[in-house]
Amino acid sequence: MLPKIIWKGSPNYGLPRGTQGRNGYKVMAIVDHIMAGTLIGTDTWFNNRDSQVSAHFGVGKSGEIHQYVDIKNTAWHTGNVRNPTWSLLRPTINPNLYTIGVEHEGQTGDIITGEQYQATLTLHKWLIDQLGIEPSSETIIGHYRIDSVIKAHCPGTGFPWDRLLTDLTQEESEQVEQVNVIEKGILYNAFRYNGETYVELRAYTAQDNKAVSWNEASKTAAVTGGKLEEIKAIIEG
Ligand SMILES: [Zn+2]
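Residues numbered from 1 in each chain as written. Predicted model: local features only at pLDDT ≥ 70, side-chain atom pairs only at ≥ 80, totals over all residues.

Side note on helix 2 (residues 114-131)
Rules: To qualify as a helix, a DSSP run of H or I must reach at least 4 residues; to qualify as a strand, a run of E must reach at least 2; elements of each kind are numbered from the N terminus. Here, expected helix span is obtained from the residue count minus one, scaled by 1.5 Å. With C-beta atoms placed from the backbone, the exposure class of a residue follows from how many other C-beta atoms lie within 10 Å of its own: 20 or more, buried; 12 or fewer, exposed; in between, partly exposed. This arc is taken over the directions from the axis of the helix to the C-beta atoms. Residue pairs qualify as contacts under a 7 Å threshold applied to their C-beta atoms, which are placed from the backbone.
Here helix 2 is 18 residues long and its end C-alpha atoms lie 26 Å apart, about the 26 Å a rise of 1.5 Å per residue gives. Among the residues of helix 2, those classed as buried are Gln 116, Ala 119, Thr 120, Leu 123, His 124 and Leu 127. All buried residues of helix 2 lie within an arc of 135° about the axis, which places them on one face of the element. More than 90 degrees from the buried face of helix 2, the exposed residues found are Gly 114 and Asp 129. Against the buried residues of helix 2 lie strand 2 (29-34), strand 3 (57-59), strand 4 (65-67), strand 5 (99-104), strand 6 (140-142) and helix 3 (161-169). Just downstream of helix 2, Gly 132 is the residue with a positive phi angle, here 65°.

So, in structure tokens, the structure goes:
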């Protein structure tokens, strides 16, 4: 699904400036950045020819997405290559030619807001679909993977790598469906997740004076006093 995007534009694209396309190269990865500033400030900076920088997108803390460069064109977001740790880097080719740049509003170390996360997740999903990228830790990377010296803190420790990669790679295998569970004549609202059936534990233990204890380490609920001694469950709220 195409996320809601506000076009802002930038004169800083193409090699050399103004060249359409990617000089024959195909996009291999999305590079995530932190603005170290605001969305509005970034709009101004990328619209300034003298800044000589741009990215394809900027994602605000409110979830607003701005676009500066068409995805078929080459933005200027990767800077120089210094001590790279990215396996797909092609040493003699400017990485701007085969990457998409996504900036995020905030300072390095900021925890991404919920709205910002949902916006960048939607944007990443759309880009992956548009560009035929297989999401992995080598195709969804931080700027620091290209420049580990000057850009070591881009996008920084607040960026949700694990959550983003999990949401991008596991969604298709996730299947949640509502099912009914009846035990001893009592109907429980339940759901099936990846082939296993779960009931809401609060409703289950409210019957028959059952008691429950929760082991956080093993994510296991032990139920005593009922017919089942132990069930796996997810506790809501
Ligand atoms: Zn960066």
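Don't stop here, the text continues.
Overview of the confidence of the model for the protein
Worth spelling out the cut-off: For every residue, the predictor states its confidence as a pLDDT score lying anywhere from 0 to 100.
Counting all residues, the mean pLDDT for the protein is 88, and 89% of those residues have values of 70 or more. Every residue in residues 227-237 scores below 50 in pLDDT, and together they form 18 contacts with partners more than four places removed in sequence or on other chains.

Quick notes on the sheet that holds strand 5
What counts is decided by this rule: Two strands are counted as paired when DSSP detects at least two bridges linking them. Between N-to-C directions, angles span 0 to 180 degrees; the directions come from axes that are lines fitted to C-alpha atoms, helices contributing only their stretch in contact.
Read from one edge of the open sheet, six strands run 1-4-3-5-2-6, paired in mixed fashion. Two strands close off the open sheet at either side, each with one partner strand: strand 1 (5-7) and strand 6. Ignoring which end each strand starts from, the neighbouring axes of this sheet average 30° apart. Pairing between strand 1 and strand 4: three bridges, direction parallel. Considered in strand 4, the bridge of Trp 7 is made with Gln 67.

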